[in-house]
Amino acid sequence: MDEDTSRKDKSSSSSPGQDGEFYKLGLDPKLIHRILLADSSEFGALTMSGNPQIDTQATPSFDEFSQGLASSTNVPSVMKRAYRDQLCEKIYSTQNMKPMHNLLLELHTMVRSLVPNRSDLHSMLSDNDVLNTKSPLEVVPFIIKSGEALAQLESEARAESTRHWIEKMNATKETSASKDIKEYVFFLVTSVLYLFIKAQLCESDKQDFYLQNVWAPYIH
């Protein structure tokens, strides 16, 4: 029996009852079929999305993210840029930190969701401390803590760019008093949006790892 025939037989052997069982576990039947059609040697290339796995070498640095956000003409980037600009203007013009608070607390939630049982990392992210900040300068240490927590969860290859961003944040913190406050708010909001991208990549990596090492061997 050739390899293609073998794969078709595996796919057809998944009965409606079996698909239903996996569906109850939250697995898409299309994902199950992709697993059944794959050879065990190909598990490392499987992804939850079905798209090619994002190369860790393609992880954007903060500068690359910032430049791309400023110049990209694709719709998601244009919308994100408009959101960023609107948020910055609101913080600067009203001197109200609530938009920054909400953005950073949303990041806290995302980072915590990556490791629901890691109370040590959860304790690094204090929502109350963020809510008590009254100025952009006061919120900086808590943005950095979010990055530090995230870097502990990323693969070594992805964490490298996060650590470089942390170094950049610490360096700018030392000279923040001499910076134009509007530009500094712009930098801080862009930084938090960058951490959102890094957290999303981390979540994708986590799901793909679980798929490749747990679900695929179990279902195959």
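Here goes a summary of the coordinates provided. (Residues numbered from 1 in each chain as written. Predicted model: local features only at pLDDT ≥ 70, side-chain atom pairs only at ≥ 80, totals over all residues. Heavy atoms only, no water.)

Some details on the overall build of the chain
- A tally of regular secondary structure across the chain gives 11 helices and zero strands.
- Looking at the 220 residues of the chain, the share that counts as buried comes to 40%.
- Residue pairs in contact within the chain that sit at least 24 positions apart in sequence constitute 69% of those at least 6 positions apart.
- Roughly 12,300 Å² of accessible area belongs to the chain as shown, and the carbon and sulfur atoms make up 53% of that amount. (Helix = DSSP H or I, 4+ residues; strand = E, 2+ residues; numbered from the N terminus. Buried < 20%, exposed > 50% of the residue type's maximum accessible area, 1.4 Å probe, protein only. Contact = heavy atoms within 4.5 Å. Areas by Shrake-Rupley, 256 points an atom, 1.4 Å probe, with all protein chains shown as cover.)

Topic: helix α3 (residues 29–37)
- All buried positions along α3 are accounted for by Leu 31, Ile 32, Ile 35 and Leu 36. Down the axis, α3 shows its buried residues gathered within 140° of arc, on one side only. (Arc of directions from axis to C-beta.)

Comments concerning the pattern of salt bridges
- Summed over the entire model, instances satisfying the criterion amount to nine salt bridges.
- Between Arg 118 and Asp 120 there is a salt bridge whose closest N-O contact spans 2.8 Å.
- Glu 203 is paired through a salt bridge with Lys 206; the nearest N and O atoms lie 3.5 Å apart. A residue pair is termed a helical-turn pair when its members lie 3 or 4 positions apart in one helix, as Glu 203 and Lys 206 do in helix α11 (residues 181–219) at three residues. (Salt bridge = Lys/Arg side-chain N within 4 Å of Asp/Glu carboxyl O.)

Overview of the packing of aromatic side chains
- Going through the model one piece at a time under the given rule, you end up with four aromatic pairs.
- Ring centres 5.6 Å apart and planes at 80° place the aromatic pair Phe 62 and Tyr 194 in the edge-to-face group. A residue pair is termed long-range when its members are at least 10 positions apart, and Phe 62 in helix α4 (residues 62–71) and Tyr 194 in helix α11 qualify at 132 residues. For the pair shown, Phe 62 and Tyr 194 are each scored as buried. (Phe/Tyr/Trp six-rings, centres within 6.5 Å; stacked < 30°, edge-to-face > 60°.)

Looking at α4
- Within α4 the residues assigned to the buried category are Phe 62, Phe 65 and Leu 69. Angular distribution of buried residues about the axis of α4 spans 65°; they occupy a single face of the element. Turned more than 90 degrees from where α4 packs its buried face, Gln 67, Ala 70 and Ser 71 sit exposed.

So, the environment of Ala 82
- Relative to the helices and strands, Ala 82 resides in helix α5 (residues 75–94).
- For the pair formed by Ala 82 and Leu 69, sequence separation is 13 residues and the distance between their alpha carbons is 9.8 Å.

Overview of the packing of α5 against helix α6 (residues 98–114)
- One way to put it is that α5 packs onto α6 with a least axis distance of 8 Å and a crossing angle of 135°. As far as their axial angle goes, α6 and α5 are oblique. Contacts between α5 and α6 pair Tyr 83, Leu 87, Lys 90 and Ile 91 from the former with Pro 99, Met 100 and Leu 103 from the latter.
- Broken down by class, the residue content of the contact of α5 with α6 amounts to six nonpolar, no polar and one charged. (Axes fitted to C-alpha atoms, helices over the stretch in contact; angles between N-to-C directions. Parallel < 35°, antiparallel > 145°, perpendicular 65-115°, else oblique. Nonpolar A, V, L, I, M, F, W, Y, C, P; charged D, E, K, R; others polar.)

Section: the nonpolar core
- With 43 residues, the main nonpolar core has Met 100, Ile 143, Trp 165, Met 169, Leu 188 and Val 189 as its most contacted residues.
- Those residues within four positions of Met 100 in sequence are excluded, and the remaining contacts are Ile 91, Val 139, Leu 188, Val 189 and Val 192.
- Counting residues in hydrophobic clusters, the runner-up holds nine residues, among them Ile 35, Leu 211, Ala 216 and Ile 219. (Core = buried A, V, L, I, M, F, W, Y, C linked by side-chain atoms within 4.5 Å.)

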